[in-house]
Amino acid sequence: MISQNPVFIPGPTNMPEAMRRAVDIPTIDHRSPEFGRVLHPALEGVKKVLKTTQAQVFVFPSTGTGGWETAITNTLSPGDKVLAARNGMFSHRWIDMCQRHGLDVTVVQTPWGEGIPADRFEEILTADKGHEIRVVLATHNETATGVRSDIAAVRRALDNAGHPALLLVDGVSSIGSMDFRMDEWGVDVAVTGSQKGFMLPPGLAITAFSPKAMEAVESARLPRTFFDIRDMATGYAKNGYPYTPPVGLINGLNESCKLLLAEGLDNVFARHHRIASGVRAAVDAWGMQLCAQRPELYSETVSAILVPEGFDANLVVSHAMDKYQVAFGTGLGDVAGKVWRIGHLGSLTDAMALLALSVAEMVMVDLGLPVKLGQGVAAAQESYRLSAAPVQKAA
Ligand SMILES: *Cc1c(COP(=O)(O)O)cnc(C)c1O
């Protein structure tokens, strides 16, 4: 039997029934006006989720990683200077991709568990009098460490330095779950995927380019073909793609935006905050620590939980799967074996989070960690009981 348990990995996330139905549609002619009636509302929906009126949205058959490649190859030329902080596996991988593309990356080494050091960025940008740095990369939510960075602060660093570099933001594990303000924060390229906040299967790279980023596209010389947004723009103008689009996923994206906007973005963010707060109450009751160093860094979508020194955190994840068929996230990169992760984003309720926490307790007791059954669950129950939204009556 396939387990009916929800997953608690930080993506792919659980798919609501409506999303599963939305991606399952008959073949339609992807060059017909009918496809345009799916595509254009999906692009408009993404703009609303990103809180942008100015940006142009481009959706590729790919994943978040393809979204990074779209962002850099459309805005940069070989040898261009890039500024980035390395504070987790995802920022690390984006830096690695830039280096493999022949870009010159100034890497600000940052402890894993910390956010982007905006003040250090400001110093570096201020010192760059010739404005050689073309792009600043920022990972909004470091999925490996459960750390949220302050993108508005990174924007202020650029502005205080009077620096014209573009701001490219990875919002793969935040967009659609945590507040993201593309226009207000002056984000030039936003990147996400279909399988996290949008609650869809993997398969789409979702990107948005500000007017300033659109200008950079004309002079950017990094090789690109599949990910050239100019070809994509030409396709969109004719209701099509430069190649065959994943029609079902794009229909799903349209439905996902409708679902998020019907719940109300503020309500979606508040729900994630509430659920995350309950998870954190449980971690605290277990006497354990998060990898994220301070409350203002706490991610609302994923918690990375430190295990006692000498204990292999991967055991929590493998035992949870082997014995209880419940999926948690392993530690990645520098924190592999030191943390395990609870993904709490996308289609999730208090009740589902309690399931995760109660299974986690059984796992930890099985493995001899100093935790008692019910300890964290009770703390989360109290948190949810006190913060639960009033019951919504059907309209
Ligand atoms: C999941 C994730 C990615 C990678 O996305 P893929 O869809 O697996 O390519 C990139 N950045 C962050 C922050 C992520 O959480």
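Everything quoted here is computed from the prediction, not taken from an experiment.

Draft legend 1. Focus on the layout of surface pockets. Taken as a whole, the second largest pocket holds about 320 Å³ of empty space. For the lining of the second largest pocket, the element with the highest residue contribution is helix α3 (residues 64-73), accounting for 3 residues. Looking at the lining of the second largest pocket, its residues break down into 7 nonpolar, 9 polar and 4 charged.

Draft legend 2. Looking closely at the pattern of salt bridges. Scanning all chains against the criterion turns up 24 salt bridges. Arg 385 is the partner of Glu 382 in a salt bridge, and the nearest nitrogen-oxygen pair spans 2.9 Å. Here Glu 382 and its partner Arg 385 are both found in helix α13 (residues 375-387), 3 residues apart, which amounts to about one turn of the helix. Residue class for Glu 382 comes out partly exposed when judged on its relative accessible area of 37%. Accessibility expressed as a relative area gives 57% for Arg 385, which makes it exposed. When salt bridges that share partners are traced, they join Lys 51, Asp 179, Arg 181 and Glu 184 into one network.

Draft legend 3. Region of interest: the environment of Thr 301. Tracing the backbone shows Thr 301 in the loop between α10 (265-285) and β10 (302-306). Assessed through its relative accessible area of 0%, Thr 301 is described here as buried. Separated by 44 residues in sequence, Thr 301 and Leu 345 place their C-alpha atoms 4.7 Å apart. When near neighbours in sequence (up to four residues on either side) are disregarded, Thr 301 contacts Asn 141, Ser 173, Ser 177, Met 178, His 272, Ile 342, Gly 343, His 344 and Leu 345. Side-chain polar atoms of Thr 301 contact the side chain of Asn 141, separated by 3.0 Å.

Draft legend 4. Fine view of the site of the ligand. The ligand sits among Thr 63, Gly 64, Thr 65, Trp 68, Phe 90, Asn 141, Thr 143, Asp 170, Val 172, Ser 173, Gln 195 and Lys 196. Between the ligand and Gly 64 there is a distance of 2.9 Å, counted from an oxygen atom to a backbone nitrogen or oxygen. Between the ligand and Thr 65, the relevant distance is 2.5 Å, taken from an oxygen atom to a side-chain nitrogen or oxygen of the residue. In terms of residue class, the shell around the ligand is made up of 3 nonpolar, 7 polar and 2 charged.

Draft legend 5. Structural context of the nonpolar core. Residues Phe 121 and Leu 253 are the most contacted members of the largest nonpolar core, which totals 95 residues. Broken down by element, the residue count for this core peaks at 8 residues, all from helix α2 (residues 33-50). Counting residues in hydrophobic clusters, the runner-up holds 33 residues, among them Val 307, Tyr 324, Val 326 and Val 359.

Draft legend 6. How the structure looks around the packing of α10 against helix α12 (residues 350-366). As a packed pair, α10 and α12 sit with axes 10 Å apart at the nearest point and diverge in direction by 25°. Of the possible angle classes, the one that applies to α10 and α12 is roughly parallel. By crossing handedness, the relation of α10 to α12 is classed as right-handed. Packed against α10, whose contacting residues are Arg 274, Ile 275, Gly 278, Val 279 and Ala 282, the element α12 presents Asp 350, Ala 353 and Leu 357 at the interface. A per-class count over the contact of α10 with α12 returns 5 nonpolar, 1 polar and 2 charged.

Draft legend 7. The arrangement of the sheet that holds strand β2 (residues 81-86) in detail. Strand order in the open sheet formed by 7 strands is β1-β9-β8-β7-β4-β2-β3, with mixed pairing between adjacent strands. Two strands close off the open sheet at either side, each with one partner strand: β1 (56-61) and β3 (104-109). The sheet shows a mean angle of 20° between the axes of neighbouring strands, direction not considered. In this structure, β2 lies alongside strand β4 (residues 133-139), joined through 3 bridges in parallel fashion. From the neighbouring strand, Val 82 faces β4, where its bridge partner is Val 135.

Draft legend 8. Broad picture of empty space enclosed by the protein. A full pass over the atoms with the stated rule returns 2 cavities of 30 Å³ or more. Looking at the largest cavity, its volume works out to about 60 Å³. Forming the boundary of the largest cavity are Ala 84, Ala 85, Asn 87, Ser 91, Trp 94, Ile 95, Ile 116, Leu 137, Ala 138 and Thr 139. Within this model, the second largest cavity holds a volume of roughly 40 Å³. Lining the second largest cavity are Thr 145, Gly 146, Arg 280, Leu 290, Ala 292, Tyr 298, Ser 299, Val 302, Ser 303 and Ala 304. No other element matches the 3 residues that β10 contributes to the lining of the second largest cavity. Broken down by class, the residue content of the lining of the second largest cavity amounts to 5 nonpolar, 4 polar and 1 charged.

Cut-offs applied
Residues numbered from 1 in each chain as written. Predicted model: local features only at pLDDT ≥ 70, side-chain atom pairs only at ≥ 80, totals over all residues. Heavy atoms only, no water. 1 Å grid on protein atoms, 1.4 Å probe; cavity = no way out; pocket = protein on both sides within 12 Å on 5 of 7 lines; lining within 4 Å. Points joined across faces, edges and corners; volume = space filled by probe spheres on them. Helix = DSSP H or I, 4+ residues; strand = E, 2+ residues; numbered from the N terminus. Nonpolar A, V, L, I, M, F, W, Y, C, P; charged D, E, K, R; others polar. Salt bridge = Lys/Arg side-chain N within 4 Å of Asp/Glu carboxyl O. Buried < 20%, exposed > 50% of the residue type's maximum accessible area, 1.4 Å probe, protein only. Contact = heavy atoms within 4.5 Å. Polar contact = N/O pair within 3.5 Å; in protein donor to acceptor, adjacent residues only side chain to side chain. Near = heavy atom within 4 Å. Core = buried A, V, L, I, M, F, W, Y, C linked by side-chain atoms within 4.5 Å. Axes fitted to C-alpha atoms, helices over the stretch in contact; angles between N-to-C directions. Parallel < 35°, antiparallel > 145°, perpendicular 65-115°, else oblique. Left-handed = near helix turned anticlockwise from the far one by under 90°. Pairing = 2+ DSSP bridges.

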